[in-house]
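# Summary of the model geometry
Here is how the chains run, residue by residue.
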Amino acid sequence: MLLEVDDLCVNYGRIEAIRNISFKVDEGEVVTLIGANGAGKTTTMKTVSGLRPVRAGAIRFNGEDITAMPAHERPVLGIAQSPEGRGCFIGMTVLENLDMGAYARKDRKTPKIKEDRDRVFGLFPRLAERRSQVAGTMSGGEQQMLAIGRALMASPKLLLLDEPSMGLAPKLIQQIFDIITEINKQGTTVLLVEQNAAQALKRAHRAYILETGEIVREGTGQELANDPAVKASYLGGDV
Amino acid sequence: MDFSLLFNHFWEFTITGLAFGAIYALIALGYTLVYGVLRLINFAHSEVFMWGGFAAVWVLLAFGASQASGLGIVGLLVVAFATAMAASALVALGLEFVAYRPLRKRNSPPLIALISAIGASYTLSETMGLRDKPFKLLGIDNKMVDYVGRPREASPFGLNIETKRLFHVFDYQVSNKDLIVLGSAIVMMILLDQFMQRSRLGRGIRAVAQDPESAAMMGVNRDRVIRLTFVIGGAMAGAAAVMYLLKVEQIRYNSGFLLGVKAFTAAVLGGIGNLRGALLGGFILGVAENYGQAIFGGQWKDVVAFTLLVVILLFRPTGLLGESLGKARA
């Protein structure tokens, strides 16, 4: 197992944001967490990245217990995230943002970096065109591409994508999901959080449904996409 | 009000204003850097400056090298800059460990850190002003009289290098001190700017300022970045202290206070959190208060400086260059 989360509890002050959630991500998979606003999806992702303190439970990565590991040490292991709201460094150029993605890499001074940058530019030709542009002046869709590209620059084993389709035009959403599938095919394991449940379930090998901080269902993407209850709650009737 | 003085000595007021502006600017960098990554006004930064100045004076005193001429000036300046920058960086780092870090680890609200800053400022200043007491207890104050005697008076000397007039800019004869101050300030500023733009650590600082969570996700160690900003800001304040010693030729335990307020003003004027803003603010403030002094008389110098601040903030509430360290490219 690449990522194992066991009975994880995270609080915001006295409020329980997530309660006893357990899930697994195996190498090579696309796994998705879906759920409504406030279900605890983003909290889960931030906790996996080490940005929220864990109240109880454990997180293991490649068999190693990382529950208490500081956030800035986790990219070294191969965990990278494209956060909710993109979190681009808006005062830096596209190239500088991508370089920040490789900040923790030991091989950052080797030609490998350039290969990875070219790979990102291959996935997102738009970023290549705008390489010298300051991120803050780009559109939401371009910033989303940059956030994903920046996470890829870490050459991660596990890529965490938090709401990559949020606020994007429908055409762009399709494109982003195609790219996520492509990234996975190139060998990167993906944990995806989405409100766009239809697309997420279509693309994911397995899926978990979060409701008010707890996992209420799990199954393959297809199983859940065809489940009447899931359809009613998350897919707006038909897919 | 009398404009004839300013018109007759325009270049003199401009160049000496720029030299003082350079001192403000270098100190302002420390305020703005720390604000950028911590959203904290480090009010004790003025005392970091003052301690660097004393360190330089004492080390030169120990070498018996208070005066120099010719090539000796270069040696004296190198020792002075190295000592003051190292001392100020150490004091700044100590300040972060004692006054700010423990509060941060306990998630204290920003107001508490501000109180801690004010307390640290007084502590550093008064420690210097009362430095004779521990030496008296040990009975060695007579041996150390050059260092600890009359602690509330000015230091025995600044940097006594002979003032030489080098060349004319219109009516003003530029002195070697003007050149040293402006030249070394500009070199420091360029080095810092390049460091922030090009080095990995410089980028790390900007990343933390722009988005601390994203920076952590990329592997930036926030605590290390914070320590680094205190060290850089401290070193710049130490360099400013040497320039101050060159221009004013003495330093006191409370010399930091007004200078700190002015430098903070410069940082706000340019847009707090913005490095280039701090530089611009420093130079504008230095020149403007010199012009004000020429027009209204010396006792109005500070009034002019702070009136300028209020007026500019009325029209540009985020300062001249506006954006924070986060948003700006510097």
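Residues numbered from 1 in each chain as written. Chains lettered and ligands numbered in written order. Predicted model: local features only at pLDDT ≥ 70, side-chain atom pairs only at ≥ 80, totals over all residues.

A word on the overall build of chain B. The number of helices and strands found in chain B is 14 helices and 4 strands. Its C-alpha atoms give chain B principal-axis dimensions of about 55 × 55 × 35 Å. A total of 330 residues make up chain B; the buried ones form 48% of that total. Residue pairs in contact within chain B that sit at least 24 positions apart in sequence constitute 76% of those at least 6 positions apart. (Helix = DSSP H or I, 4+ residues; strand = E, 2+ residues; numbered from the N terminus. Buried ≥ 20, exposed ≤ 12 C-beta atoms within 10 Å, placed from the backbone. Contact = placed C-beta atoms within 7 Å.)

Within chain A, the secondary structure is distributed over 10 helices and 10 strands. The C-alpha radius of gyration computed for chain A amounts to 17 Å, which stays within 12% of the reference 18 Å derived for 239 residues, consistent with globular compactness. Expressed along its principal axes, the backbone C-alpha trace of chain A runs to roughly 45 × 40 × 30 Å. Scored against the burial criterion, the 239 residues of chain A give a buried share of 46%. (Rg over C-alpha atoms; globule rule 2.2 N^0.38 Å.)

Before going further, it helps to spend a moment on the interface of chain A and chain B. Interface extent is often summarised as the accessible area lost during association of the parts. Listed by partner, the interface residues are 21 residues for chain A and 19 residues for chain B. For the side of chain A that touches chain B, the secondary-structure elements that each account for two or more residues are α2 (74-77) and α3 (94-101) of chain A. The element that contributes the greatest number of residues to the side of chain A that touches chain B is α3 of chain A, accounting for 4 residues. Tallied by class, residues from the side of chain A that touches chain B come to 12 nonpolar, 7 polar and 2 charged. (Nonpolar A, V, L, I, M, F, W, Y, C, P; charged D, E, K, R; others polar.)

Moving on: the environment of A204 of chain A. All names here are of chain A. Inspection of the secondary structure assignment puts A204 in the loop between α8 (197-203) and β9 (206-211). A204 gets classed as buried once you count the C-beta atoms within 10 Å, which come to 28. C-alpha of A204 to C-alpha of T32: the two residues are 172 residues apart in sequence and 6.0 Å apart in space. With sequence-adjacent residues up to four places away left out, A204 is seen in contact with V30, V31, T32, L192 and G221.

Right, let's talk about the nonpolar core for a bit. Taken as a class, soluble globular proteins show a tendency for nonpolar side chains to be buried jointly. Counting residues in each nonpolar core, the largest one holds 167 residues, and the members touching the most others are A25, L26, A239, A240 and V242 of chain B. Those residues in contact with A25 of chain B that sit more than four places away from it in its chain are A185, A266, A278, L279, G282 and F283 of chain B. (Core = buried A, V, L, I, M, F, W, Y, C linked by C-beta atoms within 7 Å.)

Before going further, it helps to examine the sheet that holds strand β2 (residues 15-25) of chain A. Residue and element names in this part refer to chain A. The 4 strands lie next to each other as β2-β1-β4-β5, forming an open sheet whose pairing is antiparallel. Across the chains shown, the open sheet's two edge strands, defined by having one partner strand only, are β2 and β5 (64-65). Lying on the sheet, helix α1 (residues 41-48) is in contact with β1 (3-12), β2 and β4 (56-61); it crosses β2 at an angle near 65°. (Pairing = 2+ DSSP bridges. Axes fitted to C-alpha atoms, helices over the stretch in contact; angles between N-to-C directions.)

Let's shift gears to the UniProt feature "transmembrane region" (unreviewed entry) in chain B. The positions that UniProt labels "transmembrane region" (unreviewed entry) are, in the present scheme, residues 13-36, 48-65, 71-99, 179-196, 225-246, 266-288 and 300-317 of chain B. Helix makes up 100% of residues 13-36 of chain B and strand 0%. Its end C-alpha atoms lie 33 Å apart. (UniProt positions renumbered as here; feature names shortened; annotations may be inferred.)

With that settled, the discussion passes to the sheet that holds strand β10 (residues 214-220) of chain A. Residue and element names in this part refer to chain A. Read across the sheet, 6 strands follow the order β6-β7-β8-β3-β9-β10 without closing on themselves; strand pairing throughout is mixed. Whereas interior strands pair on both sides, the edge strands pair on one side only; in this sheet they are β6 (79-82) and β10. Taken pair by pair, the neighbouring strands of this sheet meet at an average axis angle of 15°, ignoring direction. With 5 bridges connecting them, strand β3 (residues 30-35) and strand β8 (residues 189-194) associate as parallel partners. Bridge pairing links T32 to L192 in β8. Where helix α6 (residues 140-152) meets the sheet, it contacts β6 and β7 (158-162), and its direction lies at approximately 175° from that of β6. Strand contacts of helix α7 (residues 170-185): β3, β7 and β8, with the helix running at about 155° to β8, the strand carrying the most contacts.

Residues and elements named next belong to chain A. Phi is positive for D7, which is not a glycine, with a value near 45°. Of note, D7 is situated in strand β1. The phi angle at T212 is positive, at roughly 35°, despite the residue not being glycine. As for its placement among the helices and strands, T212 is situated in the loop between β9 and β10. By the C-beta count within 10 Å, which is 14 here, T212 ends up partly exposed.

So, about the pairing of β2 of chain A. Note on strand geometry: in a regular strand, side chains alternate between the two faces of the sheet. Residue and element names in this part refer to chain A. Examined bridge by bridge, β1 and β2 share 7 bridges and lie antiparallel to one another. Residue V10 lies in a different strand from β2, and its bridge partner there is I18. Taken together, β1 and the strand that follows it, β2, pair antiparallel across an intervening segment of 2 residues, in which G13 is found at a positive phi of about 60°.

What follows is about helix α11 (residues 222-248) of chain B. Residues and elements named next belong to chain B. Counted at 1.5 Å a residue, the expected span for α11 with its 27 residues is 39 Å, and the 38 Å between its end C-alpha atoms agrees. Most of α11 is tucked away: 20 of the 27 residues are buried. Immediately beyond the C-terminal end of α11, within one or two residues, lies E249, with a positive phi of roughly 65°. (Expected span 1.5 Å × (residues − 1).)

Turning next to the environment of F89 of chain A. Take F89 of chain A: it is sitting in the loop between β6 and α3. A count of 26 C-beta atoms within 10 Å places F89 of chain A in the buried class. Those residues in contact with F89 of chain A that lie beyond four places of it in its chain are E96, N97, M100 and A135 of chain A together with A207, Q210, D211 and S214 of chain B.

Now for the packing of helix α9 (residues 200-210) of chain B against α11 of chain B. All names here are of chain B. Running from amino to carboxyl end, α9 crosses α11 at an angle of 105°, the nearest separation of the two axes being 10 Å. Of the possible angle classes, the one that applies to α9 and α11 is roughly perpendicular. From α9, L201, G204, I205 and V208 reach across to α11, where they touch R222, V225, L228 and T229. (Parallel < 35°, antiparallel > 145°, perpendicular 65-115°, else oblique.)

The next thing to look at is helix α3 (residues 45-63) of chain B. With 19 residues, α3 of chain B extends 28 Å from end C-alpha to end C-alpha; this agrees with the ideal 27 Å at 1.5 Å per step. Burial runs high along α3 of chain B: 14 of the 19 residues are buried.

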